[in-house]
Amino acid sequence: MTALLRLFGLVPTKEEREILQQLRKKESSSMRVVGRGTLTMSAKEARDTEKSKKFIAKMDKLVS
């Protein structure tokens, strides 16, 4: 049965399962799925991430 589901692409691959696990770990409460392969989240929440703050700091250094 699993082989048939895999044939039709209805079973996630190992790589897809890893991506799903990473997405589930996110602390983003505003993240929503709006279409096939489309995720949205609030801009405020995106700016508050540590990665975003580091990027903004680098951009400030370049612009200043």
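Right above here is the structure, for reference.
The rules we used
Residues numbered from 1 in each chain as written. Predicted model: local features only at pLDDT ≥ 70, side-chain atom pairs only at ≥ 80, totals over all residues. Heavy atoms only, no water. Salt bridge = Lys/Arg side-chain N within 4 Å of Asp/Glu carboxyl O. Buried < 20%, exposed > 50% of the residue type's maximum accessible area, 1.4 Å probe, protein only. 1 Å grid on protein atoms, 1.4 Å probe; cavity = no way out; pocket = protein on both sides within 12 Å on 5 of 7 lines; lining within 4 Å. Points joined across faces, edges and corners; volume = space filled by probe spheres on them. Helix = DSSP H or I, 4+ residues; strand = E, 2+ residues; numbered from the N terminus. Nonpolar A, V, L, I, M, F, W, Y, C, P; charged D, E, K, R; others polar. Patch = residues over 30% accessible without salt bridge, like charges linked within 9 Å, V, L, I, M, F, W, Y side chains within 5 Å. Areas by Shrake-Rupley, 256 points an atom, 1.4 Å probe, with all protein chains shown as cover. Contact = heavy atoms within 4.5 Å.

Right, let's get into the pattern of salt bridges. Within this structure, the stated rule accounts for one salt bridge. With a closest N to O distance of 3.7 Å, lysine 44 and aspartate 48 form a salt bridge. Of the residues examined, aspartate 48 reaches a relative accessible area of 43% and is grouped as partly exposed.

A separate point is the layout of surface pockets. Approximately 390 Å³ is the volume attributed to the largest pocket. Lining the largest pocket we find 14 residues, and of these Pro12, Glu16, Leu20, Arg36 and Gly37 sit closest to its centre. When contributions to the lining of the largest pocket are tallied by element, the ones reaching two or more residues are helix H2 (14–25), strand E1 (32–35) and strand E2 (38–40). It is H2 that contributes the most residues to the lining of the largest pocket, four residues altogether. Among the residues making up the lining of the largest pocket, the classes are represented as eight nonpolar, four polar and two charged.

With that settled, consider a nonpolar patch on the surface. Residues Leu4, Leu5, Leu7, Phe8 and Leu10 make up a contiguous nonpolar surface patch of roughly 550 Å² in combined accessible area. In this structure, leucine 4 sits in helix H1 (residues 2–7). For leucine 4, a relative accessible area of 44% corresponds to the partly exposed category.

Secondary-structure assignment places serine 52 in helix H4 (residues 50–63). In this structure the C-alpha to C-alpha distance between serine 52 and leucine 62, which are ten residues apart in sequence, comes to 15 Å. The contacts of serine 52, once residues within four sequence positions are left out, are Ala46 and Arg47.

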